[in-house]
Amino acid sequence: MLFHVRMDVRLPPDLDPDVRAELLAREKAYSQDLQRAGKWPHLWRIAGEYANFSVLNVENVDELHDLLSGLPLFPYLEIKVTPLATHPSAI
Ligand SMILES: O=C(O)C[C@H]1C=CC(=O)O1
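Residue numbering note: each chain is counted from 1, following its sequence as written. Local features in this predicted model are restricted to residues whose pLDDT is 70 or higher, and side-chain atom pairs enter the listing and the counts only when it is 80 or higher, whereas totals over whole chains, interfaces and linings include all residues.

*Asks:* What's the story with the confidence of the model for the chain in this structure? I'm lost.
*Replies:* The predicted coordinates ought not to be read in detail in places where the model reports low pLDDT. The share of residues in the chain with pLDDT of 70 or more is 100%, and the mean pLDDT across the chain is 98. Taken together, the chains of this predicted complex give a pTM of 0.95 and an interface ipTM of 0.96. Confidence scores labelled pLDDT are given residue by residue by the predictor and lie between 0 and 100.

Right, dumping it as structure tokens:
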């Protein structure tokens, strides 16, 4: 199942720089592991925003929830999920 996901990053401006750097390093490793595993086939920066558009490829909604809630940045993300169905005109 494919899901379109928008993630807006809302890190507190006063977050300790070392904590921020460690969090971002863990986020990068987590997302790159999922990309290598084929679970996260698209990850795009939204131009001009600290946000991304992603496409996630998972077995079911429970796996999607586990994947998203496991993001190191999860406490600092606003997440909007859109399920994707097959378009009848798609070739
Ligand atoms: O920077 C972001 O968009 C948030 C997050 C999503 C993947 C990743 O490595 O960081």
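*Asks:* I'm lost on the site of the ligand in this one. Help?
*Replies:* Nearness between a residue and a molecule or strand is assessed with a C-beta atom placed from the backbone; a distance within 6 Å qualifies. Every residue close to the ligand is listed here: M7, V9, E27, K28, S31, L43, N52 and L73. Only DSSP runs of H or I with at least four residues qualify as helices, and only runs of E with at least two residues qualify as strands; both kinds are numbered from the N terminus onward. Among the secondary structure elements, those contributing two or more residues to the shell around the ligand are β1 (2–9) and α1 (17–36).

*Asks:* Explain the sheet that holds β1 to me, please; I cannot follow it from the model alone.
*Replies:* Strand pairing in a sheet takes place through backbone hydrogen bonds and is either antiparallel or parallel in direction. Strands qualify as paired when DSSP identifies two bridges or more between them. Strand order in the open sheet formed by 4 strands is β2-β3-β1-β4, with antiparallel pairing between adjacent strands. In this open sheet, the two edge strands, each paired with only one partner strand, are β2 (42–45) and β4 (77–84). In this sheet, adjacent strand axes meet at a mean angle of 15 degrees when their direction is disregarded. Pairing between β1 and strand β3 (residues 51–57): 7 bridges, direction antiparallel. When the sheet's bridge partners are listed, M7 is paired in β3 with N52. Only the contacting stretch of a helix is used when fitting its axis, a line to C-alpha atoms as for every element, and angles between N-to-C directions run 0 to 180 degrees.

*Asks:* I would appreciate a short explanation of the pairing of β3 in the present structure.
*Replies:* Within a regular beta strand, the side chains point alternately toward one face of the sheet and then the other, so they alternate between its two faces. Examined bridge by bridge, β2 and β3 share 4 bridges and lie antiparallel to one another. Bridge pairing in β3 links L43 to S54.

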